Structures are given as structure tokens and as C-alpha cells.
Amino acid sequence: MRFCSPKTFLYAVIFTLAVVSPASAAEDMLSVDKTLGIQLVIFLVGLFLLNRLIFRPLLGVWDRREELTAGTLREAEEMTRKAEGAIAEYNEKLAEARAQATETRNELRQQGQNESSKMLLSAREAAQAELEGARGTLESEVAKIRTDLRDEIESLAAEISNRVLRKGA
């Protein structure tokens, strides 16, 4: 990772060279005196305090955030799996219900056709029986009328012949 651009780095180097003379900088850097221990103690105390007050809580927050994010992702994946399972189960039950409805509809249609055929056959038989009964009644009435007419024809013939014979006599 870059902390600064090359242009910024170049400005910092030029500023450092301009402010500090080369000879005095070398002497100050290489001299070891009693302040080195104090600086080391201040550095370690500062490092300890920064670690306690900033770095550990910050890392803890990052870890907690990572745990929550991972946990939320796991929960989301689990909920997605459950939803997909529920959708698959729903589709399966829907397909079963449609198949059952189709089967029931076909059975009812077949029963309706059977009942219709039975009713039609029954109506035809009843009509045939009524027709036969009507024919029988009609034939018996025709026979009765013929008999009545024969009797009446004979009586009329006798009456006509009596009248004709009486007129001629």
C-alpha cells in the first residue's frame, strides 16, 4: 500500500535536506546519551497505552463486526435454503393438488356420463314401455271399435234393408 504519492515524498525529502545540515544531522543521529532511555520508556508507555486504549478495542470491534457479518450471512443463507425448501414443498403440494383435482374432475365427468347414459337408457325404456302400452291400448280400442262397428253395421244394414223392403212393398 502507498501512504503518500511520489510527489509528496519528494517534497518531504527536499524539505528535510533544506532544514537539517548534513554534518549536524549525522552527529545528532549517532550520539547516544541518557535521553535514549527516557525516549525508550516514553515510546513503550505510549505503545502500551495506544494498544490498550485504541488498537485492542478497534480490533475487537472489527472482529465483532466480522462475526456479525458472517453470522448474518449464514442466517441469510439458511433462510434462503428454508425458503427454497418451502417453495419446492409448496410447488410439490400444488402439483399434487392439481393432479388430484384433475383426477377427481375426470372421475366426476365419467360418473356424469354414466348417469346420463343410464338416465337416457331408462328414459328410452320408459318411452318404449309407454309406447308399447299405448299400442296395446290403441289395438284393443281399435278391436273394440271394429267390433262395435260390425255390430252397428249389421244393425244398420238390417235397418236399411228393412226400410228398402218396406218402401218396395
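Residues numbered from 1 in each chain as written. Predicted model: local features only at pLDDT ≥ 70, side-chain atom pairs only at ≥ 80, totals over all residues. Heavy atoms only, no water.

### Re the overall build of the protein
Alright, step 1. A count of helical and extended segments in the protein gives three helices and zero strands.
Alright, step 2. Listing every helix and strand of the protein by position from the N terminus yields α-α-α.
Alright, step 3. The buried share of the protein, taken over its 169 residues, is 1%.
Alright, step 4. As displayed, the protein offers around 15,900 Å² of accessible surface, 63% of which is attributable to carbon and sulfur atoms. (Helix = DSSP H or I, 4+ residues; strand = E, 2+ residues; numbered from the N terminus. Buried < 20%, exposed > 50% of the residue type's maximum accessible area, 1.4 Å probe, protein only. Areas by Shrake-Rupley, 256 points an atom, 1.4 Å probe, with all protein chains shown as cover.)

### What to know about the pattern of salt bridges
Note on pairing: side chains with opposite charge can pair once their charged atoms come close.
Alright, step 1. Here the structure, examined in full by the defined rule, presents four salt bridges.
Alright, step 2. The salt bridge involving K93 is made with E89; its shortest N-O contact spans 3.2 Å. Here E89 and K93 lie together in helix 3 (residues 35–168), a separation of four residues that amounts to about one turn.
Alright, step 3. Under the relative-accessibility criterion, E89 is labelled partly exposed at 43%. (Salt bridge = Lys/Arg side-chain N within 4 Å of Asp/Glu carboxyl O.)

### Description of the confidence of the model for the protein
Alright, step 1. Across the protein, pLDDT averages 83, with 80% of residues at or above 70.
Alright, step 2. Mean pLDDT values over the elements of the protein span from 58, in helix 2 (residues 22–30), up to 89, in helix 3. (pLDDT = per-residue confidence, 0-100.)

### What about a nonpolar patch on the surface?
Alright, step 1. Side chains of V41, V45, F48, L49, L50, L53, I54, F55, L58, L59, V61 and W62 sit close together on the surface and give an oily, nonpolar patch of about 1,100 Å² of accessible area.
Alright, step 2. Mapped onto the elements, W62 comes out in helix 3.
Alright, step 3. Classification of W62 by relative accessible area gives partly exposed; the value is 48%. (Patch = residues over 30% accessible without salt bridge, like charges linked within 9 Å, V, L, I, M, F, W, Y side chains within 5 Å.)

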